Amino acid sequence: IQMHEVGHNLNLQHSGEIDAYDDQSGMMGYSYSSDEGPIMCFNSAKSWQLGWYKQKRMEFRPIESTTRTIQLYGITKYDSILNQGNGNEQVLIRILGGSDYYVGFNLAEGFNRGTQEGANTVMIVRKNSG
C-alpha cells in the first residue's frame, strides 16, 4: 500500500482497465493491503510519466515512421543494456496517435518479481492523448 500512495504523491492516478483498481500489472492499479508486497514497479505508462528510463525509451507516430526493428527488454534490465548492443534495445515505447499506447515487457524479476498480471509478457497500456 505504501508504494501505491507514494505514486499518488508523485502525481500518478490509478491504472484501471475497466475499474480504477483492476490493473494488477503495476502498483497504481489494485491497492494491496500489505506493506511488504507484492514487489513490483509501475506499469509502462506510469514509468513514462515519471520520466524514468530516458536513455532506453522511444516514441513514434506510426504514420510518420519507417519500419524499425527493436529489442524490448524488461525495466529490470535497464542498467545492463545501457552501454551495450546496437542502439535498438529499449525498455519503453510510446506510440503516439488519437490515443497513446505505452509498450513494455513486464519481466517478473528483481524489483518487479511480484507483478500480479501479465508476468513475462509484452503489456500495452492505452491512454487518451494529452
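Above: the structure in question.
What counts and how
Residues numbered from 1 in each chain as written. Predicted model: local features only at pLDDT ≥ 70, side-chain atom pairs only at ≥ 80, totals over all residues. Heavy atoms only, no water. Helix = DSSP H or I, 4+ residues; strand = E, 2+ residues; numbered from the N terminus. Rg over C-alpha atoms; globule rule 2.2 N^0.38 Å. Buried < 20%, exposed > 50% of the residue type's maximum accessible area, 1.4 Å probe, protein only. Contact = heavy atoms within 4.5 Å. Areas by Shrake-Rupley, 256 points an atom, 1.4 Å probe, with all protein chains shown as cover. Lys, Arg positive; Asp, Glu negative; His and termini not counted. Charge placed at Lys NZ, Arg CZ, Asp CG, Glu CD. Pairing = 2+ DSSP bridges. Axes fitted to C-alpha atoms, helices over the stretch in contact; angles between N-to-C directions. 1 Å grid on protein atoms, 1.4 Å probe; cavity = no way out; pocket = protein on both sides within 12 Å on 5 of 7 lines; lining within 4 Å. Points joined across faces, edges and corners; volume = space filled by probe spheres on them. Nonpolar A, V, L, I, M, F, W, Y, C, P; charged D, E, K, R; others polar.

Engineer: Explanation requested: the overall build of the protein chain in the structure shown.
Structural biologist: Counting its regular elements, the protein chain contains three helices and six strands. Beginning at the N terminus, the succession of helices and strands in the protein chain can be written as α-α-β-β-α-β-β-β-β. Taken over the C-alpha trace, the protein chain has a radius of gyration of 15 Å; the compact-globule value for 130 residues is 14 Å, and the two agree within 12%. When the 130 residues of the protein chain are sorted by exposure, 37% land in the buried category. Residue pairs at least 24 apart in sequence account for 51% of intrachain contacts in the protein chain once pairs closer than 6 positions are excluded. Taken as a whole, the protein chain presents about 7600 Å² of accessible surface, with 47% of it coming from carbon and sulfur. In the protein chain, 11 side chains carry a positive charge and 14 a negative one; their mean positions are 9 Å apart.

Engineer: In this structure, what is going on with the sheet that holds strand β5 (residues 99–105)? I would like to understand it.
Structural biologist: Strands in a sheet are paired, the pairing made by backbone hydrogen bonds, and the direction either parallel or antiparallel. Strand order in the open sheet formed by four strands is β1-β4-β5-β6, with mixed pairing between adjacent strands. Of all strands in the sheet, those with a lone pairing partner are β1 (57–60) and β6 (122–128), marking the two edges. On average, each strand axis in the sheet is inclined to that of its neighbour by 15°, with strand direction left out of account.

Engineer: How should the layout of surface pockets be read in this particular structure?
Structural biologist: Roughly 160 Å³ of internal volume is contained in the second largest pocket. M58, F60, S65, T66, R68, I70, I93, I95 and V103 are the residues that line the second largest pocket. Across the lining of the second largest pocket, the residue classes tally to six nonpolar, two polar and one charged.

Any functional reading would require information beyond the geometric quantities listed.
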